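Residue-level structure breakdown
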Amino acid sequence: MMHLTALPVLLPLIGGFLLLFTGRNIQLQRQLHLALMLGLLIVSGLALQTALTGQYSLYQLGNWQPPFGIVLVLDRLSAMLVLLTTLLALGALVYAIATDTDHQGPHFHVLFQLQLFGLNGAFLTGDLFNLFVFFEVLLLASYGLLLHGGGRLRTRAGLHYVVINLIGSTLFLFAVGTLYGMLGTLNIADMAQRMAQLPAEDQGVVAAAGLLLLVVFGIKAAMFPLYLWLPAAYAQAPAAVAALFAIMTKVGLYAIIRVHGTVFGEQAGALAYIHSQWLLLLGMVTLALAALGVMASRGLREQVAYLVLASVATLLIAIGLNTAEALAASLYYLVHSTLIAGAMFLLADIISRSRAAMQDQFIPGPVLPNIILIGSVFMLIAIAMTGMPPLSGFFGKVMILHAALAHDWYAAIVAVILVSGLLMIISMARTGSLLFYKAHESHGEAGPASKPLAVAAVLALLTAAPLLVVFAQPFTAFTETTTAQLLNTQAYIEAVLSTAGDLP
Amino acid sequence: MEWLIALAIGVMTACGVFLTLRPHTFSVVLGLTLLAYAVNVFLFAMGRLTIGQPVVIDATATGYADPLPQALVLTAIVIAFGMTAFLIVLALKARSELGNDHVDGLHISNKKNGARR
């Protein structure tokens, strides 16, 4: 399949336009959208299968040779993230359909597909300006999805989210412009190559542009002090959208790994890995503040938003450690945290709906319908999310902590991760006992029982936790080979710049 | 010419940052627009400032202007235009739902609480 590399990008784009033609026929939209998602799942699986061979699959748009044209590059990391996005989106979509979220306003399905278009494009592109364009696509779709359904608080959170991201886009352009002015290219592989021959007097400007780019990705990834938009936006978004947004922060992390890891990699001389120290330090601050935020939250959805922030901070630390072992561990933790955070947002919405007037606020509420089932699922997700054994969060954290032991600051890193983990465990225990043990019939009427399909979507995402433990050995082997591929910048440069590509 | 371009970018960025920090959505929209203008001129300047050079192939030309920043600026303009349009609609929606154009909608929530009491 010559065009396989481009299909994960093209399919959601075409799908989005197809969905536009269905008008307001919600049943047709749902069937078509599910069919499209199954198609995307097959394509993502095939893409991963191709990437597993260890080769880079290139797709040169318009058959322009890199570095002159835009090129899509499929490697192990891209393929893994595309598949991860598809799985998460499938769960979120099923939940949206089960709870009629998609029926609360027009064009939910169209925006959902365009969001996937932007996400997959950002994961696959090998061109810095093209990355900017895909960022804009996914942001614009996310604005629409965040505001889906309307409401005062949602509008306010949406306004903040849009403004901070527009500022981020402007900074992105400044950084891209400076890098282009200094290096004379926008192709990531070509930039990495030219970094090796950078004259000493230009190093300061390029370092400034690189760190400005880190600020931009830091906004997306919600890095301290740029995370303040995240709790409100995630807590106010419709549940299915919030679940899909679990991958949005990971796009920022992916961009740091891809752009900074390649351009400011080993070949960059004096500028090699200028971002690592910053990531490590800011990741630790973010994690400490996120743990405090988890403790101080007044509602379950806000708490889950802070838990997402904590998982991002853990990943920032792991990437900042800047060793092969830490990077492999971060990829394991990334897959785990994305799927579990998605499940947790959906569960928070189920609980919120069942508690009727109490919603997700931390006040003793009525006895939920299916309280045994919902409470057990809550406990499992909380165990996975806070990183307690025996689920996948524990193994991810152990690997990251093990990698941290080799670092000079190991005492501080281990202390921050463990203490914040303890704070999160205490908060989740408190939340669970408040929601499920202190529930009493005298506290008011419970809402309707949740639909089986909605619970099934949560359970499907949750199965990732035991699966990642059972298949930990093959999966860590995969993350290790992925890391080896990532760190081999020279092979990436050669693959992108020297081949004629797949097209005839 | 360099100082003029640099001054223009600097002044527009400064005004844009100042306006973006203002508490009302209208100023914020204007500020973001100014920032977008500044970055567009900046992108142009990154292709180096040249006068009278052709962009596309010309047999008599001694040198060429860099065509890539022009493509970038065109894309950036389109995106900034779309984003500004979206932001204005959102600001109007916030104005009608929150009752004023403060970015936090603070005054109205106080006033409403007061009215309820």
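Residues numbered from 1 in each chain as written. Chains lettered and ligands numbered in written order. Predicted model: local features only at pLDDT ≥ 70, side-chain atom pairs only at ≥ 80, totals over all residues. Heavy atoms only, no water.

Looking at the overall build of chain B
Along its length, chain B carries four helices and zero strands. Along the chain direction, N to C, the helices and strands of chain B fall in the order α-α-α-α. Looking at chain B residue by residue over its 117 residues, the buried ones come to 35%. Long-range contacts, defined here as pairs at least 24 residues apart, represent 48% of the contacts in chain B between residues at least 6 apart. For chain B, the accessible area works out to roughly 7,100 Å², and carbon and sulfur atoms hold 70% of it. (Helix = DSSP H or I, 4+ residues; strand = E, 2+ residues; numbered from the N terminus. Buried < 20%, exposed > 50% of the residue type's maximum accessible area, 1.4 Å probe, protein only. Contact = heavy atoms within 4.5 Å. Areas by Shrake-Rupley, 256 points an atom, 1.4 Å probe, with all protein chains shown as cover.)

Side note on the pattern of salt bridges
All names here are of chain A. Scanning the model with the defined rule gives six salt bridges over all chains in all. A salt bridge links Arg258 to Asp75; the nearest nitrogen and oxygen atoms lie 2.9 Å apart. Placement of Arg258 in helix α11 (residues 248-263) and of Asp75 in the loop between β2 (71-74) and α3 (76-98) is noted, with a sequence separation of 183 residues between them. The exposure class assigned to Asp75 is buried, which follows from its relative accessible area of 2%. For Arg194, the salt bridge goes to Asp190, with nearest N and O atoms at 3.4 Å. With Arg194 and Asp190 both in helix α7 (residues 188-195) and four residues apart, this pair spans about one turn of that helix. Here Asp190 falls in the buried class, since its relative accessible area comes to 4%. A single salt-bridge network, built from bridges that share partners, covers Arg30, Asp100 and Asp102. (Salt bridge = Lys/Arg side-chain N within 4 Å of Asp/Glu carboxyl O.)

Here's the deal with a nonpolar patch on the surface
Residue and element names in this part refer to chain A. On the surface, Leu10, Ile14, Phe17, Leu18, Leu20 and Phe21 cluster together to form a nonpolar patch covering roughly 620 Å² of accessible area. Positionally, Leu18 belongs in helix α1 (residues 7-20). A relative accessible area of 41% places Leu18 in the partly exposed class. (Patch = residues over 30% accessible without salt bridge, like charges linked within 9 Å, V, L, I, M, F, W, Y side chains within 5 Å.)

With respect to the interface of chain A and chain B
Contacts between chain A and chain B engage 28 residues on the former and 34 residues on the latter. Summing the contributions of chain A and of chain B, the shared interface buries around 2,800 Å²; its carbon and sulfur component is 79%. Joining chain A to chain B, the criterion identifies zero salt bridges. Among the elements of the structure, α5 (128-146) and α6 (152-183) of chain A are those that each provide at least two residues to the side of chain A that touches chain B. When residues in the side of chain A that touches chain B are grouped by element, the largest group, 17 residues, is from α6 of chain A. Residues of the side of chain A that touches chain B, tallied by class, amount to 15 nonpolar, 10 polar and three charged. (Buried area = accessible area lost by both parts, 1.4 Å probe. Nonpolar A, V, L, I, M, F, W, Y, C, P; charged D, E, K, R; others polar.)

Thoughts on the environment of Gly149 of chain A
Residues and elements named next belong to chain A. Relative to the helices and strands, Gly149 resides in the loop between α5 and α6. Take Gly149: its relative accessible area is 41%, and that puts it in the partly exposed class. Non-local contacts of Gly149, meaning those with residues more than four positions away in its chain, are made with Gln104 and Arg154.

A closer look at the UniProt feature "domain: NADH:quinone oxidoreductase/Mrp antiporter transmembrane" (unreviewed entry) in chain A
Taken from the UniProt record, the annotation "domain: NADH:quinone oxidoreductase/Mrp antiporter transmembrane" (unreviewed entry) applies to residues 126-418 of chain A. As a span, residues 126-418 of chain A carries 75% helix and 0% strand, and end to end its C-alpha atoms are 37 Å apart. (UniProt positions renumbered as here; feature names shortened; annotations may be inferred.)

Describing the packing of aromatic side chains
Under the counting rule described, the total for this entry stands at 21 aromatic pairs over all chains. Ring centres 6.3 Å apart and planes at 25° place the aromatic pair Tyr161 of chain A and Phe245 of chain A in the stacked group. With Tyr161 of chain A in helix α6 and Phe245 of chain A in helix α10 (residues 239-245), this residue pair connects regions lying 84 residues apart in the sequence. In this structure Phe245 of chain A comes out as buried when scored by relative accessible area, which is 0%. With a centroid separation of 5.4 Å and 80° between ring planes, the pair formed by Phe394 of chain A and Phe395 of chain A is classed as edge-to-face. Overall, the relative accessible area of 33% leaves Phe395 of chain A in the partly exposed class. Grouped by ring-pair contacts, the aromatic residues Tyr143, Tyr161, Trp229, Tyr234, Phe245 and Phe345 of chain A together with Phe86 of chain B constitute a single cluster. (Phe/Tyr/Trp six-rings, centres within 6.5 Å; stacked < 30°, edge-to-face > 60°.)

A look at the UniProt feature "transmembrane region" (unreviewed entry) in chain B
All names here are of chain B. Mapped onto this numbering, the UniProt entry annotates "transmembrane region" (unreviewed entry) at residues 6-21, 28-51 and 71-92. Between the C-alpha atoms that bound residues 6-21 the distance is 23 Å, and the span itself is 94% helix and 0% strand. End C-alpha to end C-alpha, residues 71-92 measures 32 Å, and it is 100% helix and 0% strand.

Points about helix α13 (residues 300-321) of chain A
All names here are of chain A. Here α13 spans 32 Å end to end across 22 residues, near enough to the 32 Å set by a 1.5 Å rise per residue. With respect to burial, α13 is a largely interior element, 21 of its 22 residues being buried. Phi for Asn322, located one or two positions after α13, is positive at around 60°. (Expected span 1.5 Å × (residues − 1).)

Some thoughts on the side chain of Asn187 of chain A
Here Asn187 of chain A is to be found in the loop between α6 and α7. For Asn187 of chain A, the residues in contact, after removing those within four places along its chain, are Pro66, Pro67, Val71, Gly126, Asp127, Val496 and Leu497 of chain A.

With respect to the packing of α5 of chain A against α11 of chain A
Residues and elements named next belong to chain A. Packing of α5 against α11 brings their axes to within 12 Å, and their N-to-C directions diverge by 175°. When the interaxial angle is binned, α5 and α11 end up roughly antiparallel. Only Met248, Val251, Ala255 and Val259 of α11 make contact with α5, whose side of the interface consists of Leu128, Leu131, Phe135, Leu138, Leu139 and Ser142. (Axes fitted to C-alpha atoms, helices over the stretch in contact; angles between N-to-C directions. Parallel < 35°, antiparallel > 145°, perpendicular 65-115°, else oblique.)

A few points about the packing of α6 of chain A against helix α8 (residues 203-221) of chain A
Residues and elements named next belong to chain A. Between α6 and α8, the shortest axis-to-axis distance is 9 Å and the interhelical angle comes to 155°. Here α8 runs roughly antiparallel to α6, going by the angle between their axes. Crossing angle aside, the handedness with which α6 passes α8 is left-handed. Of α8, the residues touching α6 (which contributes Ile164, Asn165, Gly168, Leu171, Phe172, Phe174, Ala175, Thr178, Leu179 and Met182) are Val205, Val206, Ala209, Leu212, Leu213, Val215, Val216, Phe217, Ile219 and Lys220. A breakdown of the residues in the contact of α6 with α8 according to their chemical character gives 16 nonpolar, three polar and one charged. (Left-handed = near helix turned anticlockwise from the far one by under 90°.)

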